[in-house]
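Summary of structural features
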Amino acid sequence: MTLAQPDNARLFRSLHTPPAPLALANAWDVASARVIEAAGAPAIATTSAGVAWSLGCPDGDVLTRDRALKLIARIVAAVAVPVTADIEGGYGTDAAGVAETVAGVLAAGAVGVNIEDGTRPPAELATRLAAARRAADRAGADLFLNARIDTFLFGLGDPDTRLKETLDRAHRYVDAGADGIFVPGVTDTTTIAALAGDISVPLNVMAGPGAPAVAELGALGVARVSLGSGVAQAAYAAARRAAQELFGTGGYASLAEGIAFPELDGLLSEPH
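Quick caveat: nothing in here was measured; it's all calculated off a predicted structure.

A few points about empty space enclosed by the protein
Under the counting rule described, the total for this entry stands at one cavity of 30 Å³ or more. Size it by volume and the largest cavity reaches roughly 40 Å³. Looking at the largest cavity, the residues that line it are Thr46, Ser48, Val51, Ala68, Leu71, Ile72, Asp86 and Tyr91. For the lining of the largest cavity, the secondary-structure elements that each account for two or more residues are α3 (48-54) and α4 (65-78).

Here's the deal with the layout of surface pockets
When its volume is computed, the largest pocket comes out at roughly 630 Å³. In this structure, the largest pocket is lined by 19 residues; those nearest its centre are Ala235, Ala238, Gly258, Ile259 and Leu264. If you tally residues by element for the lining of the largest pocket, the top one is helix α10 (residues 230-248), at seven residues. Each residue belonging to the lining of the largest pocket can be placed in one class, and the counts come to 13 nonpolar, three polar and three charged. Roughly 300 Å³ of volume is contained in the second largest pocket. In this structure, the second largest pocket is lined by 21 residues; those nearest its centre are Asp86, Arg148, Met206, Gly228 and Ser229. When contributions to the lining of the second largest pocket are tallied by element, the ones reaching two or more residues are α3, β3 (83-86) and β8 (224-226). With three residues, the top contributor of residues to the lining of the second largest pocket is β3. Grouping the amino acids of the lining of the second largest pocket by side-chain chemistry returns seven nonpolar, 10 polar and four charged.

Considering helix α8 (residues 189-198)
Given 3.6 residues per helical turn, the α-helix brings residues three or four places apart onto the same face. The complete set of buried residues in α8 reads Thr191, Ile192, Leu195 and Ala196. Mapping the buried residues of α8 onto a view down its axis gives an arc of 130 degrees, with all of them on the same face. For α8, exposure combined with an orientation more than 90 degrees from the buried face picks out Thr190 and Gly197. Close packing links the buried residues of α8 with α7 (162-175), β7 (203-206) and α9 (214-219).

Some points on the packing of aromatic side chains
Aromatic rings considered in pairs are described by the distance between their centres and by the relative angle of their planes. All chains considered together, the criterion is met by three aromatic pairs. With 6.3 Å between their ring centres and 45 degrees between their planes, Trp28 and Tyr236 make a pair best called tilted. Of this pair, Trp28 sits in the loop between β1 (22-24) and α2 (30-38) while Tyr236 sits in helix α10, and the two are 208 residues apart along the sequence. Between Trp53 and Tyr236 the ring centres are 6.4 Å apart and the planes differ by 70 degrees, which places this aromatic pair in the edge-to-face class. On the criterion of sequence distance, the pair formed by Trp53 in helix α3 and Tyr236 in helix α10 is long-range, its members being 183 residues apart.

Focus: the packing of α7 against α8
Running from N to C, α7 and α8 cross one another at 30 degrees; their axes reach a closest spacing of 11 Å. Relative to α8, the element α7 is oriented roughly parallel. Pair α7 / α8 crosses with right-handed handedness. Counted together, Leu163, Thr166, Leu167 and His171 of α7 and Thr191, Ala194, Leu195 and Asp198 of α8 form the full contact between these two elements. Looking at the contact of α7 with α8, its residues break down into four nonpolar, three polar and one charged.

Procedures and definitions
- Residues numbered from 1 in each chain as written.
- Predicted model: local features only at pLDDT ≥ 70, side-chain atom pairs only at ≥ 80, totals over all residues.
- Heavy atoms only, no water.
- 1 Å grid on protein atoms, 1.4 Å probe; cavity = no way out; pocket = protein on both sides within 12 Å on 5 of 7 lines; lining within 4 Å.
- Points joined across faces, edges and corners; volume = space filled by probe spheres on them.
- Helix = DSSP H or I, 4+ residues; strand = E, 2+ residues; numbered from the N terminus.
- Nonpolar A, V, L, I, M, F, W, Y, C, P; charged D, E, K, R; others polar.
- Buried < 20%, exposed > 50% of the residue type's maximum accessible area, 1.4 Å probe, protein only.
- Arc of directions from axis to C-beta.
- Contact = heavy atoms within 4.5 Å.
- Phe/Tyr/Trp six-rings, centres within 6.5 Å; stacked < 30°, edge-to-face > 60°.
- Axes fitted to C-alpha atoms, helices over the stretch in contact; angles between N-to-C directions.
- Parallel < 35°, antiparallel > 145°, perpendicular 65-115°, else oblique.
- Left-handed = near helix turned anticlockwise from the far one by under 90°.

Okay, here's the thing in structure tokens:
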């Protein structure tokens, strides 16, 4: 049974707990969302990079708001679990634009968003987060607002003070209305523990090969673990391997691990 948005929002919020971190294998279209849901996902998160690539755009605030919102709405309609959307910097040139995007995300039925600072000044993201929170309040919606800090992902600033800068940003973003803090690019357990110990809201990290397992991250205080664009990258790598094999040796062995046609077709045939 598909839950109403308020019920999904409460469920999604309750899933953020270090004893059993919320693990998110990020989707980029309806089919990937259904496959991930069928694998046992308690929630679906989109990857903004994967969404942009699937729609013919590079990552980095190039995709238009309307196209992003249409894709979010299709994913929400296709799954029964809560959906949170990665909306890059907010798909707006200013805070008012971000508020408009958030209103559209809520209208699509999603229960959360990620908004990133990137190379913007922290004050600008704080303004965008506050606008997003006001938009959710006006809509009477329970929005899980996840603020992404890119200091480690992009290697911003002095490495010796990067942790302090990240924590300073986290505190500012929480004060602006963030419900969670996302710090991609960190796999060092000492740094992760320091982040979790000093941030008052659920900590989200991005994982991949070489990162601690989900349970270990939970023991460090992490409440949410995302794969980011990693699943989409792996899927496109599979497409490239199949094409290279076909055009190279003329073989097809790389297709052997694909999902069986009846299973995949059935996922898209089942009503929700």
